[in-house]
Amino acid sequence: MILKKHLIYLFMFLFVAVSAQEIGVDYQTNTFSIKVKVEDKNTGNSIKNAEVFVNEKQFYYHQIRGCYIVKARVGNELRVTHPDFETIYYTIQSNEEIKILVEGFSADKVSTIRKYSRSKSVSKELDFYHQYLDSAKFYKKKDIDKSLSFVEKSLKNNQIKQRNAASYKTLADVYLYWKQYDLAVNNYKLSNQIRESNTTKIALANAQFLLKDYTANKQTYLDLLEKNLSNYEKIIVLEGLGDIDFAVKKYNAAKDNYKQALAIAKENLVTPKITDLNSKLATVFASEGNITQANIQYKNSLDLAAKENVSRALKEEEKVADYYNKSNQFDDEIKLRKESLVKAAQNKTIKKEDVLEPKIITSQEINYKIGNAYILKEDYKKAIPFLEKSIKDADFKKDIIIEKDATRKLSEVYATVGAYDKALKSYQDYVKLVDESYLQKEQEIQQVKRFSKKISDNQNRISSLDKDKELAESKINLAYVDQKLSEESNQRQRLIIYSLVGGFLLMILLAYFMFRNIKQQKIANNLLALKSMRSQMNPHFIFNALNSVNSFIAVNDERNANRYLSEFSALMRSVLENSDEDFIPLTKEIELLTLYVKLEHNRFKDKFNYTISVDENINLEQFSIPPMLLQPYIENAIWHGLRYRKEMGNLDISITKKNDETVSVIIVDDGIGRKKSQELKTNNQLKQKSKGMSTIKNRIAILNDMYKDSISVKVADVLENGEGTKVELLLKKK
């Protein structure tokens, strides 16, 4: 009992201390905490689901204190919004408690609902409107499906215009966060049409800017300047106009708008915007080539950002360091990035759900950029430890892009300082990372497809819901007209029928365009995948060829190594010439194969002989083939079949005419066979799939999908005991 009593006293002491801290004044920043109560004037009940902002920072209802606790300064603007009453603005004068009384919040609102719905009781769905909207906002950054489903529920059976406006604005906010800017613009416009709001229009302007619709974006801001704006809204609008001018390279106009916004921000002590505007002015000066003025402005923005928080300071330091890099101020860049490294280690404010927020500055990225700065200074030895640290951190944090880039740079540095063994090892690691990044990119493409389909399905449901509501309203209006103007009923019925037919035709047209767009997108994705696979084949092929050169060097066979490199360069010239082509004539592919087989035969003269035969009846110019399609099969025959024979083997490549539309390419070897080759592989080799063969299979699958089974491949053993391998490829005219 005594222990329990002490715990109660301790809890009460902590509660009082925290409460005192919440309501206290921060004398270092001149900010203080204020109690804000939002109540229904008639009932005195607290309104707990209002949105309370100070300089666009939102504060939430404190259940224990029974009010909203906000942090602000004298002169800051308080904004209180709610779907069920007009937005309230208040300029803070002191740290005294603020009470906002909302008139007619409960009774009048219920009567309005009853009058509009023409029923004796309010629908139960309406009682949950605010819970649905709060849930949609809660899941906005976590689960788009859940967020959109709650928005959809808030729209169902809801006939109050201001609530519909709030729902569509929330829907647009969700789309904006997930970078669906066109959908965000449409829904912001719909919300503003239902109920005009400066906040919604500012959000619309932001979405238009991200969509790069600068003409409409500028008009939206100019329309806002004619409205009665708060000080913070004026700052946002002028800053937005400056952003547009900077984007279209009207630097003088951009500076004028930024300076006007900065003057208002300084006058009203809007610290975050003072930092942002100093930084943007510096960027304009840098773009003009005014290095002296840019350095001064960036110094100001760095000092201001340091007084805010670690995340803001890191963001500004990254921006300034990039500027130093572009202006060749490498010593200043290195010094600033080293300071950022310390801050990045201390920054613990990253949230897992903020996956689409502006990128977080990471230690691996900073180390990579420091190493790159040393490289540009030609101080290669100092660059090495930073690149190695970047690779280590990136590997730990699964940042494959930074790891790949840092590995490539490290390989180049090692080669520059003469550490060729390390350079080769780093290059081999880089090739592996290229393969991994390709697979990751392929997965991302599939995720984007699934995500786009989810977005489309959800938007279609909400659009359908909106059409149903419009149709219901039309029927109600029609009933009123029938009562007063019965003589016009037939004419109005015809208009409704025409509207429905037009809507049906419009939906058919929309479905057609959606189908066509989906088909075009599929073709574009296939072409992108083929290009990625071709880009993957080149490093894979080069890596294997360099291994061949390395084997000659290992046995000190300089003459053969030089001859091999000469022939290899001729082959690579042909490969690179065709690397950007989707298809090449069959004659060119045969020339490439002849060069490749000759190279491999020079290396393994005691292992196999080869023949390449082409049917004279084939018009080779009529047939096209994807470049480097046959090479992996021949490579497998030599490296995994013939190479392990004790006696001399044979490799036969024949191209024959199947019919007028098809040619057959047959590759036959009398090697040890696939089964025995698999048994000879090491444990490490068994864990890894052949990148060349898997890429070929994927390429053939995509090509067959695009050109209706134009290529088929069969692989079989030659002998019943599993020895020898036969590959037959049928190629149709493209």
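Being a predicted model, the structure only gives us computed values, none of them experimental. (Residues numbered from 1 in each chain as written. Predicted model: local features only at pLDDT ≥ 70, side-chain atom pairs only at ≥ 80, totals over all residues. Heavy atoms only, no water.)

A tally of helices and strands in the chain yields 26 helices and 16 strands. Buried residues in the chain amount to 42% of all 734 residues. Considering only intrachain contacts with a sequence separation of at least 6, the fraction spanning at least 24 residues in the chain is 63%. Taken as a whole, the chain presents about 41700 Å² of accessible surface, with 53% of it coming from carbon and sulfur. (Helix = DSSP H or I, 4+ residues; strand = E, 2+ residues; numbered from the N terminus. Buried < 20%, exposed > 50% of the residue type's maximum accessible area, 1.4 Å probe, protein only. Contact = heavy atoms within 4.5 Å. Areas by Shrake-Rupley, 256 points an atom, 1.4 Å probe, with all protein chains shown as cover.)

Glancing now at the packing of aromatic side chains. A complete count under the given rule lists 14 aromatic pairs for this structure. For the ring pair phenylalanine 128 and tyrosine 132, a centre distance of 6.3 Å and an interplane angle of 40° mean the geometry is tilted. Residue classification places phenylalanine 128 among the partly exposed positions, given a relative accessible area of 43%. Look at tyrosine 132 and you get buried, because its relative accessible area is 14%. The rings of Phe128, Tyr132, Phe138, Tyr139 and Phe150 are connected pair by pair, giving a single aromatic cluster. For the cation-ring pair, arginine 79 lies above phenylalanine 53, with the distance from its terminal atom to the ring centre recorded as 4.4 Å. (Phe/Tyr/Trp six-rings, centres within 6.5 Å; stacked < 30°, edge-to-face > 60°. Lys NZ or Arg CZ within 6 Å of the ring centre and 35° of its normal.)

For the α-helix, the turn length of 3.6 residues means that residues three or four positions removed from each other point alike. Counted at 1.5 Å a residue, the expected span for helix α10 (residues 231-247) with its 17 residues is 24 Å, and the 24 Å between its end C-alpha atoms agrees. Lysine 249 occupies a position one or two residues after α10 and carries a positive phi of about 65°. (Expected span 1.5 Å × (residues − 1).)

What follows is about the nonpolar core. Proteins that are soluble and globular tend to have nonpolar side chains buried together. With 43 residues, the main nonpolar core has Leu586, Ile634, Ile638, Leu651 and Leu731 as its most contacted residues. Of all the secondary-structure elements, those providing two or more residues to this core are α21 (558-578), α22 (586-603), α23 (631-640), β13 (649-659), β14 (662-669), α26 (691-707) and β16 (725-732). With near-sequence residues (within four places) excluded, leucine 586 lies in contact with Leu620, Phe623, Ser624, Ile625, Ile655, Val663 and Leu731. Among the nonpolar cores identified, the runner-up in size contains 33 residues, and Leu241, Ile244, Ala282 and Tyr323 belong to it. (Core = buried A, V, L, I, M, F, W, Y, C linked by side-chain atoms within 4.5 Å.)

A few words now on the pattern of salt bridges. Scanning the entire structure with this criterion turns up 28 salt bridges. For the salt bridge of lysine 255 with glutamate 288, the shortest nitrogen-to-oxygen distance reads 3.1 Å. Of this pair, lysine 255 sits in helix α11 (residues 251-267) while glutamate 288 is found in helix α12 (residues 271-288), placing the two residues 33 residues apart along the sequence. A salt bridge links glutamate 333 to arginine 337; the nearest nitrogen and oxygen atoms lie 2.9 Å apart. Residue glutamate 333 and its partner arginine 337 are both found in helix α15 (residues 330-346); the two are separated by four residues, about one turn of the helix. Neither glutamate 333 nor arginine 337 differs from the other in exposure class; each is buried. A network of salt bridges, in which partner residues are shared, links Glu239, Asp243, Lys273, Asp276, Lys280, Arg312 and Glu316. (Salt bridge = Lys/Arg side-chain N within 4 Å of Asp/Glu carboxyl O.)

On to the sheet that holds β13. Taken in spatial order, the five strands of this open sheet run β11-β13-β14-β16-β15, and their pairing is mixed. The outermost strands of the open sheet, each flanked by one partner alone, are β11 (608-614) and β15 (711-717). On average, adjacent strands in this sheet sit at an angle of 15° to one another, irrespective of strand direction. Bridge count between β11 and β13: seven bridges; the pairing is parallel. Among the inter-strand pairings, serine 613 is bridged to a residue of β13, identified as serine 654. Seen against the sheet, α22 touches β11, β13, β14 and β16 and runs at an angle of roughly 170° to β11. (Pairing = 2+ DSSP bridges. Axes fitted to C-alpha atoms, helices over the stretch in contact; angles between N-to-C directions.)

A word on the environment of proline 627. Of note, proline 627 is situated in the loop between β12 (624-625) and α23. A C-alpha to C-alpha distance of 7.4 Å links proline 627 and glutamate 581, two positions 46 residues apart in sequence.

Turning to the pairing of strand β3 (residues 51-54), a few remarks are in order. Side chains of β3 alternate between two faces, with Glu51 and Phe53 and Val52 and Val54 buried alike. The pairing of β3 with strand β7 (residues 77-82) spans four bridges and is classified as antiparallel. Each bridged residue has a counterpart across the sheet, and for valine 54 the counterpart in β7 is leucine 78. Relative to strand β4 (residues 57-59), β3 runs antiparallel, the two sharing three bridges. Note that in β4 the partner of phenylalanine 53 across the bridge is glutamine 58.

Below, the discussion takes up unusual backbone geometry. Of note in the backbone geometry, leucine 269 takes a positive phi value of approximately 55° without being a glycine. Its location among the elements puts leucine 269 in the loop between α11 and α12. With a relative accessible area of 42%, leucine 269 lands in the partly exposed category. With a phi angle near 60°, lysine 398 is a residue other than glycine that sits in the positive phi range. By secondary structure assignment, the location of lysine 398 is in the loop between α17 (380-396) and α18 (400-417).

What follows deals with the environment of lysine 315. As for its placement among the helices and strands, lysine 315 is situated in helix α14 (residues 310-326). With relative accessibility at 52%, the residue lysine 315 sits in the exposed group. As for lysine 315 and leucine 302, which are separated by 13 residues in sequence, their C-alpha atoms are 9.6 Å apart.

Inspection of the secondary structure assignment puts lysine 37 in strand β2 (residues 31-40). Along the primary structure lysine 37 and isoleucine 98 are separated by 61 residues, whereas in three dimensions their C-alpha atoms are 6.3 Å apart.

So, on to the sheet that holds β7. With respect to topology, four strands assemble into an open sheet ordered β4-β3-β7-β8, the strand pairing being antiparallel. One side of each edge strand has no neighbouring strand; the edge strands of this open sheet are β4 and β8 (85-91). Across the sheet, the mean angle from the axis of one strand to that of its neighbour is 25°, orientation sign disregarded. Inspection of the sheet shows β7 paired to β8 by five bridges, in the antiparallel sense. The residue of β8 that forms the bridge with valine 80 is isoleucine 88.

Two elements in contact, helix α4 (residues 129-138) and helix α5 (residues 144-155), have axes separated by 8 Å at closest approach and are oriented at 160°. It follows from the interaxial angle that α4 and α5 lie roughly antiparallel. Here α4 and α5 pass one another in a crossing that is left-handed. Where α4 abuts α5, its residues Tyr129, Tyr132, Leu133, Ser135 and Ala136 lie against Ser147, Phe150, Val151, Lys153 and Ser154. Of the residues in the contact of α4 with α5, the class split is six nonpolar, three polar and one charged. (Parallel < 35°, antiparallel > 145°, perpendicular 65-115°, else oblique. Left-handed = near helix turned anticlockwise from the far one by under 90°. Nonpolar A, V, L, I, M, F, W, Y, C, P; charged D, E, K, R; others polar.)

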